[in-house]
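Survey of secondary and tertiary structure
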Amino acid sequence: MKETSDIEQRLDRVESRFAMHDLVSDYCHGFDKRDWERFRAIWWPDAIWDIGPPFGSFEGTDGIAHVTKDVLWGAWLASSHFTTNLVVAFEGDDRATGLCDVDCIGTTSDGQAQTVSATYFDAFERRDGVWKIAHRKVKMHHFNPLPGVTLSPPA
C-alpha cells in the first residue's frame, strides 16, 4: 500500500507542477492579450499582487482588476512578457512557492519603447483541487525606456 501511496503522491506533484507552470504562462497571456477572464482566473479571490514601486500592492479580485484595467493596461499600448526559470518548492500537499524571472518589452501609452526585468515570488495554493496564485511579489531589476527605438510590426 505504501508504494501506491508514494506513486500517487509523485503523480500529484507532477500534475501540480504543470498546473503552476500554466498559471505563470496564463499570467503572461492574459495580461499581454488583455484577456481579463484568463488573467483573473489565475488568482484566488483574496490574492495579493505586490507589484512594488512604482505601482504598489493590490488585494483581492477588485484590487487586481483595478490596477490591471485602470492603471497598467492604460499605461501600455502593448506588452510581451517572457517568464523563465520557474522553480517550484512544495510546502505541503496544497501549498507551494514559485520563483521565476520575467523580461517584458513593450510600448507605453505615449509611444515609448520600454524594457522591464523582474523576479516573481509566488505563493500557490490548492483549494478544492484547484491551484491558483495566493500571493505574487514582484522585485523589479530595471524598468527603462529604450530611447530611439520604435516597436512596430513588420511591413
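Use the structure listed above.
In this report, we go over the structure that sits alongside the text. What you see is a predicted model; the values in this text were computed from it and never measured. (Residues numbered from 1 in each chain as written. Predicted model: local features only at pLDDT ≥ 70, side-chain atom pairs only at ≥ 80, totals over all residues. Heavy atoms only, no water.)

**Some remarks on the pairing of strand E1 (residues 43-52)**
Of all 10 residues that make up E1, seven are buried, and the element is covered over most of its length. In terms of strand pairing, E1 meets strand E2 (residues 56-59) through four bridges, oriented antiparallel. Residue pairing in the sheet places Ile-48 in a bridge with Glu-59 of E2. The antiparallel pairing of E1 with E2 creates a hairpin that spans three residues between the two strands. (Buried < 20%, exposed > 50% of the residue type's maximum accessible area, 1.4 Å probe, protein only. Helix = DSSP H or I, 4+ residues; strand = E, 2+ residues; numbered from the N terminus. Pairing = 2+ DSSP bridges.)

**Thoughts on the packing of aromatic side chains**
As enumerated under the stated definition, the model contains 13 aromatic pairs in all. Both rings, one in Phe-55 and one in Phe-143, keep their centres 6.1 Å apart while their planes meet at 55°; by these two values the pair is tilted. In this pair, Phe-55 is assigned in the loop between E1 and E2 and Phe-143 in strand E6 (residues 130-145), connecting sequence segments 88 residues apart. Using a relative accessible area of 25% as the deciding quantity, one classes Phe-55 as partly exposed. Given a relative accessible area of 33%, Phe-143 falls into the partly exposed group. Among the aromatic residues, those joined into a cluster by ring pairs are Tyr-27, Phe-31, Trp-36, Phe-39, Trp-43, Trp-49, Trp-73 and Tyr-120. Sitting over the face of the ring of Trp-44, Lys-132 holds its NZ or CZ atom 5.1 Å from the ring centroid. Positioned over the ring face of Tyr-120 is Arg-136, at 3.9 Å from the centre of the ring. (Phe/Tyr/Trp six-rings, centres within 6.5 Å; stacked < 30°, edge-to-face > 60°. Lys NZ or Arg CZ within 6 Å of the ring centre and 35° of its normal.)

**What to know about the sheet that holds E1**
The sheet built from six strands is open, its strands ordered E2-E1-E6-E5-E4-E3 with mixed pairing. Both edges of this open sheet fall to E2 and strand E3 (76-90), since each of them pairs with a single strand only. With direction set aside, neighbouring strand axes in the sheet form an average angle of 15°. By the bridge criterion, four bridges tie E1 to E6 in an arrangement that is parallel. (Axes fitted to C-alpha atoms, helices over the stretch in contact; angles between N-to-C directions.)

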